[in-house]
Amino acid sequence: MIFPYIMWFLQGLDGSVKETAYLSMKNPRQGGFTATLFIFGIMFLDNIGFVANMMSFVVYFATVMHFDLAGAATNTTNFLGTAFLVTIIGGFISDAYMTRLNTTLLFGIIQLLGYLLLIIQSHSTKLQPQPCGESTCVHSGKALLLYTSVYLTALGAGGIRGCIPALGPDQFDENDPKESSKNISSFFNWFLLSITMGASVGVTVVVWVSTNVGWDKGFIISMVCCFAGLCFVSMGKPFHKVRVPGESPLLSVLVLVAAARNWSVQLPTDKRQLYEIRDPNAVSLIQGHRLPHTHQFRVLDKAAVQMDGTDKQGKWRLCPVTQVEEVKILTRMMPILLSTIIMNTCLAQLQTISVQQGTLMDPSLGKFDVPAASIPVIPPVFMSVLIPIYEFLFVPVIRMFTGHPTGITHLQRVGVGLVLSAISMAIAGAVEVKRKNEFNHHNHRTSVFWLSFHYAIFGIADMFTLVGLMEFFYSEAPAGMRSLSTSFSFLSLSIGYYLSSAFVELINSITSKLTSNKQGWVQGRDMNKNHIELFYWFLAILSLLNFGNYVFWANWYKYKKDSPIDEQKLLHPALSVTMSMTSQQAISTSEGEQKTEKTKVQA
């Protein structure tokens with residue numbers, strides 16, 4: 001029974017593609033900002049639980065599962081790293097094999113199962129380990145249940161975030177590039193606002209319930225919110241402009257293989273001699289764009305060299321220029337992606353070490369004590385206030401000076417965030433110095449709200465960088481790989497969290513040999529005896545060096561220039577579409593030849 005599904009998956013490797021780009025819009029209400037409201041709804045509801053767990057898992061691992069400081073932080077960052085890594089899988093599936101909505105529902109069910117197992121273990125003390133004084137106290141069956149529940153939750157949450165961001169921009173008409181750019185930019189701003197509002201509720205209400213009423217109660221709230229979000233986005237199906245599965249992203253493999261097999265082939269001096277599909281009815285144009293040739297990464301052009309004619313070279317030895325250019329786009333994106341990883345390593349500290357700092361500070365807010373795990377509510381609160389200001393004030397004003405539809409370019413927006421993240425880490429180190437000095441020398445607990453300075457600055461940094469990255473990857477991605485490409489924003493988060501775990505281990509390994517007490521900067525259970533501030537400053541310096549690296553690659557990057565094709569002429573095969581091609585689209589078949597062609601496609 002599994003054989004048909006294997007063949008279905010592998011069909012993306014043989015060069016075959018699906019026939020459709022978008023289902024026909026018989027309902028005039030389909031598409032536009034109305035459809036995106038359901039997307040904002042699921043992100044608000046789902047992030048209530050997901051972000052609450054992001055912030056509180058470090059406390060759950062330390063107090064209920066009895067990990068030490070490094071173990072609790074490492075397990076939390078591994079959970080987050082896995083969740084954001086899985087976005088690649090969600091993006092891939094929704095690009096190639098399922099609609100974005102159906103992919104969301106599939107991974108939502110997986111997340112619900114993870115929450116159910118978390119509820120069971122957190123409710124029953126028999127399934128929890130006893131304190132043992134070692135770095136980890138959870139073993140055998142209890143460990144299996146813990147990691148199964150945690151990583152099922154990560155798998156579900158990551159899959160949802162891999163396809164939902166691209167579902168929103170799909171609702172806008174690309175035939176007006178300037179207006180589409182403005183709408184997509186606005187969508188991602190409101191998309192982030194829905195995330196931050198959900199995060200604000202989760203980090204306050206759900207975290208308080210988890211730490212004061214019971215962890216099982218907190219996980220129940222998370223599960224209910226996840227289920228409600230899935231129901232809400234399903235209600236929006238009649239309003240969605242649905243992009244059905246198209247070309248498999250695995251087609252990129254064809255280009256790499258073809259380029260390798262043609263390694264010894266001489267590149268033609270005239271780029272017009274490279275192979276391109278020029279038939280307007282060809283399935284390669286179903287995704288809506290033909291990409292012109294560029295001169296970067298010329299070695300990949302070998303995949304488009306015709307040697308013995310297109311009828312003798314197979315798909316594994318000859319690829320059209322548009323397909324080659326898609327691989328070039330992904331290759332150009334990689335340095336930008338890698339340049340944002342350090343920032344996300346810094347973000348991991350705010351969700352682990354800074355939360356543990358808060359447990360040693362004065363949590364009083366009048367008569368109310370703020371849970372340490374609720375301290376990270378500061379960035380989403382700041383972002384919830386600043387995003388509307390950015391959308392309604394900053395963008396229109398800057399647009400008057402720059403003439404750019406979004407005020408500043410995607411890469412400029414990312415750069416602003418990288419600078420602010422370095423400033424945030426420098427301030428975090430200074431706050432830790434003050435906290436330790438007050439506690440060790442005056443026996444006084446500093447107010448937890450001292451942490452708000454670097455949290456607030458990092459919240460602003462995240463507003464610039466995350467939205468800038470999602471806009472960049474969606475706008476620059478090949479039409480058939482937009483979910484996968486948009487998930488690169490979260491891939492950067494994933495690598496950043498994993499790198500954080502590696503940094504903690506590496507820093508402890510090196511500094512334990514240099515300090516007089518043979519203890520690493522982030523080692524042990526007593527934060528008053530280690531040197532968290534030095535770790536923060538190390539990250540601040542690293543962030544500044546990384547910004548210099550980013551500026552180089554941002555200047556080097558060449559934005560894609562594609563030739564759009566009217567999507568309404570490339571709809572579901574149930575429609576009869578008349579396609580007209582001008583002589584300019586067919587001119588490359590022979591130099592100077594003029595030809596006007598009208599083709600009628602009957603599906």
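In short, a report on the structure. (Residues numbered from 1 in each chain as written. Predicted model: local features only at pLDDT ≥ 70, side-chain atom pairs only at ≥ 80, totals over all residues. Heavy atoms only, no water.)

Glancing now at the packing of helix 10 (residues 321-338) against helix 15 (residues 452-476). For the pair helix 10 and helix 15, the least separation of the axes is 11 Å and the interaxial angle reads 170°. Taken together, the axes of helix 10 and helix 15 lie roughly antiparallel to each other. Between helix 10, through Ile 329, Met 333, Ile 336 and Leu 337, and helix 15, the contact on the second element is made entirely by Leu 469, Phe 472, Phe 473 and Glu 476. For the contact of helix 10 with helix 15, the residue count by class is seven nonpolar, no polar and one charged. (Axes fitted to C-alpha atoms, helices over the stretch in contact; angles between N-to-C directions. Helix = DSSP H or I, 4+ residues; strand = E, 2+ residues; numbered from the N terminus. Parallel < 35°, antiparallel > 145°, perpendicular 65-115°, else oblique. Contact = heavy atoms within 4.5 Å. Nonpolar A, V, L, I, M, F, W, Y, C, P; charged D, E, K, R; others polar.)

With respect to the secondary-structure elements, Asn 75 resides in helix 3 (residues 69-85). One polar contact links the side chain of Asn 75 to the main-chain carbonyl oxygen of Gly 71, over a distance of 2.8 Å. Look past the residues within four positions of Asn 75 in its chain and what remains in contact with it is Phe 61, Phe 67 and Tyr 147. (Polar contact = N/O pair within 3.5 Å; in protein donor to acceptor, adjacent residues only side chain to side chain.)

Turning to the nonpolar core, a few remarks are in order. Phe 50, Tyr 60, Phe 61, Phe 191, Met 333 and Phe 535 are the most contacted members of the largest nonpolar core, which totals 127 residues. Per element, the largest residue contribution to this core is 14 residues, and it comes from helix 15. Sequence-distant contacts of Tyr 60, defined by excluding residues within four places in its chain, comprise Met 65, Ser 122, Leu 146, Trp 215 and Phe 219. Among the nonpolar cores identified, the runner-up in size contains 14 residues, and Leu 254, Ala 258, Leu 274 and Val 324 belong to it. (Core = buried A, V, L, I, M, F, W, Y, C linked by side-chain atoms within 4.5 Å. Buried < 20%, exposed > 50% of the residue type's maximum accessible area, 1.4 Å probe, protein only.)

Aromatic rings in a pair are described by how distant their centres are and how their planes are angled relative to each other. This model, assessed by the stated rule, comprises 34 aromatic pairs. With 5.9 Å between their ring centres and 90° between their planes, Phe 50 and Phe 84 make a pair best called edge-to-face. Here Phe 50 is found in helix 2 (residues 32-63), whereas its partner Phe 84 is found in helix 3, with 34 residues between them in sequence. Assigned by exposure class, Phe 50 and Phe 84 land together as buried. With a centroid separation of 5.3 Å and 35° between ring planes, the pair formed by Phe 57 and Phe 61 is classed as tilted. Of this pair, Phe 57 and Phe 61 both sit in helix 2, four residues apart, which is roughly one turn of the helix. Take Phe 57 and Phe 61: they sit in the same class, and that class is buried. Through pairs of rings, three or more aromatic residues link up here, namely Phe 50, Phe 57, Tyr 60, Phe 61, Phe 67, Phe 79, Phe 84, Trp 215, Phe 219, Phe 490 and Tyr 497. A cation over a ring is seen here: Arg 332 above Tyr 557, with NZ or CZ 6.0 Å from the ring centre. Stacked on the ring of Tyr 474, the Lys or Arg Arg 482 has its end atom at 4.8 Å from the ring centre. (Phe/Tyr/Trp six-rings, centres within 6.5 Å; stacked < 30°, edge-to-face > 60°. Lys NZ or Arg CZ within 6 Å of the ring centre and 35° of its normal.)

Within the fold, Arg 332 resides in helix 10. One polar contact links Arg 332 to Gln 296, side chain to side chain, over a distance of 3.3 Å. In this structure, Arg 332 is in contact with Thr 294, Gln 296, Phe 297, Trp 556, Tyr 557 and Lys 558, ignoring residues within four places of it in sequence.

What follows is about empty space enclosed by the protein. The probe, sized like a water molecule, is rolled over the atoms to show the empty space still left. Considering all chains together, one arrives at eight cavities of 30 Å³ or more under this definition. Taken as a whole, the largest cavity spans an internal volume of roughly 380 Å³. Surrounding the largest cavity, 26 residues form its lining, Met 54, Ile 195, Leu 347, Gln 351 and Asp 462 being those nearest its centre. Going through the elements one at a time, helix 2, helix 7 (177-212), helix 11 (341-350), helix 13 (378-402), helix 15 and helix 17 (488-511) are the ones with two or more residues in the lining of the largest cavity. In terms of residue count, helix 2 provides more of the lining of the largest cavity than any other element does, six residues in total. Residues that form the lining of the largest cavity fall into these classes: 21 nonpolar, three polar and two charged. (1 Å grid on protein atoms, 1.4 Å probe; cavity = no way out; pocket = protein on both sides within 12 Å on 5 of 7 lines; lining within 4 Å. Points joined across faces, edges and corners; volume = space filled by probe spheres on them.)

Moving on, we come to the pattern of salt bridges. Where side chains of opposite charge bring their charged atoms close, a pairing between them can arise. In this structure the tally under the stated criterion is 11 salt bridges. Where Arg 161 meets Asp 46, a salt bridge forms, and the shortest distance between an N and an O atom there is 2.6 Å. Taken together, the positions of Arg 161 in helix 6 (residues 140-167) and Asp 46 in helix 2 put the pair 115 residues apart, joining distant regions of the chain. Across this residue pair, the class does not change: Arg 161 and Asp 46 are buried. As a salt-bridge pair, Asp 301 and Arg 298 come within 2.7 Å of each other at their nearest N and O atoms. Of the residues examined, Asp 301 reaches a relative accessible area of 1% and is grouped as buried. Salt bridges here are not isolated pairs; linked through shared partners, they connect Arg 298, Asp 301, Glu 325 and Lys 328. (Salt bridge = Lys/Arg side-chain N within 4 Å of Asp/Glu carboxyl O.)

Turning to the environment of Val 86, a few remarks are in order. By secondary structure assignment, the location of Val 86 is in the loop between helix 3 and helix 4 (87-96). Put simply, Val 86 and Gly 156 are 70 residues apart on the chain and 8.4 Å apart in space, counted from C-alpha to C-alpha. If near-sequence neighbours (up to four positions away) are discounted, Val 86 is found in contact with Phe 107, Ala 154, Leu 155, Gly 158 and Gly 159.

A cluster of nonpolar side chains, namely Val 381, Val 385, Ile 389, Leu 393, Val 397, Met 400 and Phe 401, defines an oily patch on the protein surface of about 720 Å² accessible area. Looking at the secondary structure, you find Phe 401 in helix 13. We classify Phe 401 as exposed; its relative accessible area is 71%. (Patch = residues over 30% accessible without salt bridge, like charges linked within 9 Å, V, L, I, M, F, W, Y side chains within 5 Å. Areas by Shrake-Rupley, 256 points an atom, 1.4 Å probe, with all protein chains shown as cover.)

Here the focus is the environment of Tyr 498. Along the polypeptide, Tyr 498 turns up in helix 17. Using a relative accessible area of 31% as the deciding quantity, one classes Tyr 498 as partly exposed.

Time to look at helix 18 (residues 532-556). Working note: α-helix, 3.6 residues per turn, so residues spaced by three or four point in the same direction. With 25 residues, helix 18 ought to run about 36 Å at 1.5 Å a step, and its terminal C-alpha atoms sit 36 Å apart, in line with that. All of the buried residues in helix 18 are Ile 532, Glu 533, Phe 535, Tyr 536, Leu 539, Ala 540, Ser 543, Asn 546, Tyr 550 and Ala 554. In this structure, the buried residues of helix 18 make contact with helix 10, helix 11, helix 12 (353-358), helix 14 (410-442) and helix 17. (Expected span 1.5 Å × (residues − 1).)

In this section: the environment of Gly 31. Tracing the sequence through the fold places Gly 31 in the loop between helix 1 (3-10) and helix 2. Along the chain, Gly 31 and Gly 168 lie 137 residues apart, while their C-alpha atoms are 8.9 Å from each other. Among all residues touching Gly 31, those that are not within four sequence positions of it are Gln 171, Phe 239, His 240 and Lys 241.

Moving on to unusual backbone geometry. Residue Ser 140 is not a glycine yet carries a positive backbone phi of 45°. Tracing the backbone through its elements, the reader meets Ser 140 in helix 6. Positioned with a positive phi, Asn 443 is a non-glycine residue whose angle comes to about 50°. Tracing the backbone shows Asn 443 in the loop between helix 14 and helix 15. Look at Asn 443 and you get exposed, because its relative accessible area is 66%.

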